[in-house]
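Chain and residue survey
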Amino acid sequence: GAGVSQSPRYKVAKRGQDVALRCDPISGHVSLFWYQQALGQGPEFLTYFQNEAQLDKSGLPSDRFFAERPEGSVSTLKIQRTQQEDSAVYLCASSSLVGREGQPQHFGDGTRLSIL
Amino acid sequence: GQNIDQPTEMTATEGAIVQINCTYQTSGFNGLFWYQQHAGEAPTFLSYNVLDGLEEKGRFSSFLSRSKGYSYLLLKELQMKDSASYLCAVTEGGSYIPTFGRGTSLIVHP
């Protein structure tokens, strides 16, 4: 498809399990972002990739969160030893240019993660 | 860092006009985005303002005052499909990573 694709759409896991969330950005997009969105809140920044390089991971809430983009296209967000407070929608966004003012982000529909 | 403030919820009548405000405090403002997000869906880009003034795009317009740290999104001829959350996002300093406000949930009723 032409847009950002995320999978799975929904994920339910038991506390303590590891989960992996996938993002397929728009083909050719250099920049890729991960956000966490709690119910009734705006997206909170987690991490940013420029091609395969992770340039900013300042928003990752703990060392249980890990993201990669090894070939500069598909990205995976991994959460280890999940906890109930990790329950949220995880949004991925991509954009075509780097460091260009006003460059809009194209978002996926997100993965809704529920930790029981 | 940024402090971005938007009303939590607004209601309006189909066919009317509604103004959604956003105020922000930054240490080095670059620009301001507005996104629309329907429930359970992806945020979609509406507008970007970097200079003071009003930018019109069809039924939607966005205004920015840099000196006042203030923006608004104006929606005209409201339709039921405009019921959604409207997110204000700001970039500052040397970073082009936007920081989002909590969003304003707009409910349009007949």
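Position numbers for residues start from 1 in each chain and track the written sequence from start to end. Throughout, the order in which chains and ligands are written sets their labels, letters from A for the former and numbers from 1 for the latter. Note on the predicted model: pLDDT of at least 70 is required for a residue's local features to be given, and 80 or more for side-chain atom pairs to be given and counted; whole-chain, interface and lining totals, by contrast, use all residues. For the side-chain quantities, the full set of heavy atoms in the structure was used; hydrogens and water were omitted.

1. Some remarks on the overall build of chain B
Numbered from the N terminus, helices here are DSSP runs of H or I no shorter than four residues, and strands are runs of E no shorter than two. The helix and strand tally for chain B stands at 0 helices and 11 strands. If you list the helices and strands of chain B from N to C, you get β-β-β-β-β-β-β-β-β-β-β. Its C-alpha atoms give chain B a radius of gyration of 13 Å, within 12% of the compact-globule value 13 Å for 110 residues. A principal-axis box enclosing the C-alpha atoms of chain B has dimensions of 45 × 30 × 20 Å. The size measure is the radius of gyration over C-alpha atoms, and the globule rule it meets is 2.2 Å times the number of residues to the 0.38 power.

2. Brief notes about the interface of chain B and chain A
Throughout, a residue-residue contact means that at least one pair of heavy atoms, one from each residue, lies within 4.5 Å. Across the boundary between the two partners, chain B contributes 18 residues, which contact 22 residues of chain A. Between chain B and chain A, the buried area comes to about 1600 Å², and carbon and sulfur atoms account for 58% of it. Considering only the side of chain B, the residues that lose the most area to chain A are Tyr96(B), Ile97(B) and Arg102(B), jointly responsible for 33% of the buried surface there. The rule for a salt bridge is simple: a side-chain nitrogen of Lys or Arg has to be within 4 Å of a carboxyl oxygen of Asp or Glu. The tally of links from chain B across to chain A stands at 0 salt bridges. Secondary-structure elements contributing two or more residues to the side of chain B that touches chain A are strand E4 (29-37) and strand E5 (44-49) of chain B. In terms of residue count, E4(B) provides more of the side of chain B that touches chain A than any other element does, 4 residues in total. Across the side of chain B that touches chain A, the residue classes break down as 12 nonpolar, 4 polar and 2 charged. When two components associate, each loses some accessible surface as probed by a 1.4 Å sphere; the sum of these losses over both components is called the buried area. Polar here means any residue outside two lists: the nonpolar Ala, Val, Leu, Ile, Met, Phe, Trp, Tyr, Cys and Pro, and the charged Asp, Glu, Lys and Arg; Gly therefore counts as polar.

3. Digging into the packing of aromatic side chains
All names here are of chain B. Pairs were defined over the aromatic rings of Phe, Tyr and Trp, the Trp ring being its six-membered one, requiring ring centres within 6.5 Å. Orientation was assigned from the angle between planes: stacked under 30 degrees, edge-to-face over 60, tilted for the rest. On inspection of all chains with the given rule, the structure shows 16 aromatic pairs over all chains. Between Phe 33 and Phe 45 the ring centres are 6.2 Å apart and the planes differ by 70 degrees, which places this aromatic pair in the edge-to-face class. Taken as a pair, Phe 33 in strand E4 and Phe 45 in strand E5 lie far apart in primary sequence, 12 residues in all. Accessible area is worked out with a 1.4 Å probe on protein chains only. A residue is then buried under 20% of its type maximum, exposed over 50%, and partly exposed in between. Its relative accessible area of 4% is what places Phe 33 among the buried residues.

4. Notes on the environment of Ser31(A)
Residues and elements named next belong to chain A. In this structure, Ser 31 sits in strand E4 (residues 31-37). Spatially, the C-alpha atoms of Ser 31 and Gln 84 are 30 Å apart, while their sequence positions differ by 53 residues. Polar side-chain contacts of Ser 31 include one of 3.1 Å to the side chain of Tyr 48. Under the rule applied, a polar contact is a pair of N or O atoms within 3.5 Å (in protein, one hydrogen donor and one hydrogen acceptor; residues adjacent in sequence only if both atoms are side-chain atoms).

5. Digging into the side chain of Asp86(A)
Residue and element names in this part refer to chain A. With respect to the secondary-structure elements, Asp 86 resides in the loop between strand E8 (75-79) and strand E9 (88-95). Side-chain polar atoms of Asp 86 contact the backbone nitrogen of Gln 83, separated by 2.8 Å. Ignoring any residue separated from it by four or fewer positions in sequence, one finds Asp 86 in contact with Gln 36, Arg 64, Phe 65, Ile 79, Leu 113 and Ile 115.

6. Let's talk about the nonpolar core
What is meant by a nonpolar core is a set of buried Ala, Val, Leu, Ile, Met, Phe, Trp, Tyr and Cys residues, joined one to another through side-chain atoms within 4.5 Å. Tyr24(B), Leu32(B), Trp34(B), Leu75(B), Leu78(B), Tyr86(B) and Leu106(B) are the most contacted members of the largest nonpolar core, which has 21 residues in total. If we ignore the near neighbours within four places in the chain, the residues touching Tyr86(B) are Gln6(B), Ile20(B), Trp34(B), Tyr35(B), Gln36(B), Leu46(B), Phe60(B), Leu73(B), Leu75(B), Gly103(B), Thr104(B) and Leu106(B).

7. What about the pattern of salt bridges?
Residue and element names in this part refer to chain B. Enumeration according to the criterion identifies 5 salt bridges over all chains in this entry. A salt bridge links Glu 56 to Lys 76; its shortest N-O distance comes to 3.5 Å. With Glu 56 in strand E6 (residues 53-57) and Lys 76 in the loop between strand E8 (70-75) and strand E9 (84-92), this pair connects stretches of sequence that are 20 residues apart. Owing to a relative accessible area of 56%, Glu 56 belongs among the exposed residues under this scheme. On the basis of relative accessible area, Lys 76 is assigned to the partly exposed category, the value being 28%.

8. Here's the deal with the sheet that holds E6(B)
Remark on secondary structure: sheet strands pair via backbone hydrogen bonds, oriented parallel or antiparallel. All names here are of chain B. The antiparallel open sheet is built from 5 strands, whose spatial order is E1-E3-E8-E7-E6. Edge positions in the open sheet fall to strand E1 (3-5) and E6, since each of these has one partner strand only. This sheet shows a mean twist of 15 degrees between the axes of neighbouring strands, independent of strand direction. One requirement defines pairing of two strands: DSSP has to find at least two bridges between them. Relative to strand E3 (residues 18-25), E1 runs antiparallel, the two sharing 3 bridges. The residue of E3 that forms the bridge with Asn 3 is Gln 25. Only the contacting stretch of a helix is used when fitting its axis, a line to C-alpha atoms as for every element, and angles between N-to-C directions run 0 to 180 degrees.

9. Considerations on the confidence of the model for chain B
What pLDDT reports is the predictor's confidence in each residue, on a scale of 0 through 100. Per-chain confidence: chain B averages 94 in pLDDT, with 98% of residues scoring 70 or above. Within chain B, the element-level pLDDT minimum falls on E1(B), averaging 93, and the maximum on E8(B), averaging 98.

10. Some details on the side chain of Ser47(B)
All names here are of chain B. Within the secondary structure, Ser 47 is located in strand E5. Looking at Ser 47, its side chain comes within polar contact range of the side chain of Ser 62, at 3.3 Å. Not counting the four nearest positions on each side in its chain, Ser 47 is found in contact with Leu 32, Phe 33, Trp 34, Lys 57 and Ser 62.

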